[in-house]
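# Fold and contact review
Letter by letter, the chains look like this.
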Amino acid sequence: MHAPTRPGAHARPADGPHAARPIPPFTAGHETLRAQMRAFVAERLQPRAAEWEAAGWFPDEVFGWLAQAGYLGLRFDPAYGGAGDTVAAAVWVQELARCGSGGVAAGLGAHSGIALPPIEAFGTEAQKQRYLVPGLRGELVAALAITEPGAGSDVAGLRTHARRVDDGWIVNGSKTYITGGVRADVLVTAVRTKPEGGHQGISFLLIDKGEGVSARPLRKLGWHASDTAEIAFDDVVVPQANLLGPEHGGFYLIMANFQWERLLMALGAVGAMQACFEQTVAFVQRDGRRPGQAVRHRLAEIAVEIEAGRDITYHALRLHLAGRDAVREVTVAKLRTQRAAFDTIDACVELHGLDAPAELERALRDARLGPIGGGTDEIMKEILGRSMGL
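Reading the values: the criteria
Residues numbered from 1 in each chain as written. Predicted model: local features only at pLDDT ≥ 70, side-chain atom pairs only at ≥ 80, totals over all residues. Heavy atoms only, no water. Helix = DSSP H or I, 4+ residues; strand = E, 2+ residues; numbered from the N terminus. Rg over C-alpha atoms; globule rule 2.2 N^0.38 Å. Buried < 20%, exposed > 50% of the residue type's maximum accessible area, 1.4 Å probe, protein only. Areas by Shrake-Rupley, 256 points an atom, 1.4 Å probe, with all protein chains shown as cover. Lys, Arg positive; Asp, Glu negative; His and termini not counted. Charge placed at Lys NZ, Arg CZ, Asp CG, Glu CD. 1 Å grid on protein atoms, 1.4 Å probe; cavity = no way out; pocket = protein on both sides within 12 Å on 5 of 7 lines; lining within 4 Å. Points joined across faces, edges and corners; volume = space filled by probe spheres on them. Nonpolar A, V, L, I, M, F, W, Y, C, P; charged D, E, K, R; others polar. Pairing = 2+ DSSP bridges. pLDDT = per-residue confidence, 0-100. Contact = heavy atoms within 4.5 Å. Core = buried A, V, L, I, M, F, W, Y, C linked by side-chain atoms within 4.5 Å. Expected span 1.5 Å × (residues − 1). Bend = angle between axes of the 7 residues up to and from the residue.

### Regarding the overall build of the chain
Helix and strand content of the chain: eleven helices and eight strands. In terms of overall size, the chain behaves like a compact globule, its C-alpha atoms giving a radius of gyration of 21 Å where 390 residues would be expected to give roughly 21 Å. Projected onto its principal axes, the C-alpha coordinates of the chain cover approximately 75 × 50 × 40 Å. A buried classification covers 53% of the 390 residues belonging to the chain. Entry remark: accessible area of the chain is about 17200 Å², with carbon and sulfur atoms responsible for 53%. For the chain, the separation between the mean place of its 41 positive charges and that of its 45 negative charges on side chains is 4 Å.

Next up, the structure:
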């Protein structure tokens, strides 16, 4: 008989707290951390999820809670307040999916998962001290601003432009569907710095909220607690010191950031599927009941979907950590898990019937974003097709 392991260590969807050992790249230490993270989410975030969803907002202080717990900077260089552990960051994304609100998970994840990494990777020392350090302390909120009303997946078609002036730029244009864009103190913004179209004239500027910058919240099917915004730039003055990375080299920055963002989405989807599955198994077994054959078989099918998504995602994560070119594997993981998350959570809602809790129904609405955000399913298929020489 195997002795039970620590809570949260799991190797297979149905193993729950009794998995024999962690799946690489996760170690026993990461599984200990997983248990701590799960307890934090259950105590500090999940009880407030419904309140924050109804309000369409969660307090800025939540970033401070994460920073104090050590979860905000897990992947970042310790020199700037991080922990330098990318695997731990992957654990956190999975556990954050249990918070009961995709909007809360998205709002927190957009700051630390997609907006701050380009500053660490491409920023000057002065930029890191001004934005990254307070960002990892939860004292400043950053948002990544790329998508535009007329150029969603077509990054090369963005029109927000920056006109050169003495010691800087004047920025005009707009962005949309910017997660965290209402509350953000700084926008990591893709702009066109050459009048010609295409990939070669894109740069990134760190644009502080202030004169000429306005943000309007958008209504959405899901992610209600996330402040998704439409941003307008009206003659915004940006100093030379706020150029992030090389001028006209912004397309490379976008591509470098996409891989981690898509891995985060795959990991989060796996975490969400697992949480909903466990909730559904507990429901059908309530009061000591034994589910009928049809329900058992449906749960078995769901378990297979979760296992497939987990294995594909962990494989992509291992390659990414090894420094390999994992574009194809990350693309496969993102494509497979996002639609699967919606379908499996939908099946969980169906198994609950009229007894489906609001949290599970909310998870279904939130999962609908997966096949769209971070690159649509169509874009993922295009990337895969080209990787096969098609």
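### Points about unusual backbone geometry
Where the residue is not glycine, phi is negative for most of them; where a peptide bond is considered, it is trans in most cases. For the peptide bond that leads from P24 to P25, omega is 15 degrees, which places it in the cis range. By secondary structure assignment, the location of P25 is in the segment before α1 (28–45). Its identity is not glycine, yet Y177 carries a phi of approximately 55 degrees, on the positive side. With respect to the element layout, Y177 can be found in strand β3 (residues 168–179).

### Observations regarding empty space enclosed by the protein
One way to see where empty space is left: roll a probe the size of a water molecule over the atoms. Applying the stated criterion across every chain, the model contains two cavities of 30 Å³ or more. Within this model, the second largest cavity holds a volume of roughly 30 Å³. Lining the second largest cavity, in full, are L144, I146, L253, I254, N257, F258 and E261. The biggest single contributor to the lining of the second largest cavity is helix α7 (residues 250–284), with five residues. Of the residues that constitute the lining of the second largest cavity, the class distribution is five nonpolar, one polar and one charged.

### Quick word on the pairing of strand β2 (residues 161–165)
Sheet analysis places β2 next to β3, joined by five bridges and oriented antiparallel. Bridged to R163 within β3 is I170. In this antiparallel pair of consecutive strands, β2 and β3, the connection spans two residues, and D167 shows a positive phi of 55 degrees.

### A short note on the confidence of the model for the chain
Within the chain, residue pLDDT values average 92, and 94% of them lie at 70 or more. Overall, residues 1–18 carries pLDDT values under 50, and its contacts beyond four positions in sequence, including any with other chains, amount to 43 contacts.

### Notes on the nonpolar core
Taken as a class, soluble globular proteins show a tendency for nonpolar side chains to be buried jointly. In terms of nonpolar packing, the biggest core is built from 42 residues, with L45 and W92 touching the most fellow members. Here the element with the most residues in this core is helix α4 (residues 86–96); it accounts for eight residues. Contacts of L45, omitting those with residues within four sequence positions, involve F40, W52, V62, W65, L96 and C99. Listed in part, the 27 residues of the second largest apolar core include F76, A142, L158 and I202.

### Side note on α1
Taking 1.5 Å of rise per residue, the 18 residues of α1 would be expected to cover 26 Å, and the 25 Å separating its terminal C-alpha atoms lies within 8% of that figure. Within the span of α1, buried status applies to H30, E31, L33, R34, M37, F40, V41 and L45. Summarising the contacts, the buried residues of α1 are in contact with α2 (49–55), α3 (61–69), α4 and α8 (293–321).

### Some remarks on α7
For α7, spanning 35 residues, the distance from its first C-alpha to its last is 51 Å, which sits close to the expected 51 Å at 1.5 Å a residue. At F258, α7 is bent by approximately 25 degrees, the largest bend along its length. Judged by how many residues are buried, α7 sits mostly within the fold: 27 of 35 residues are covered.

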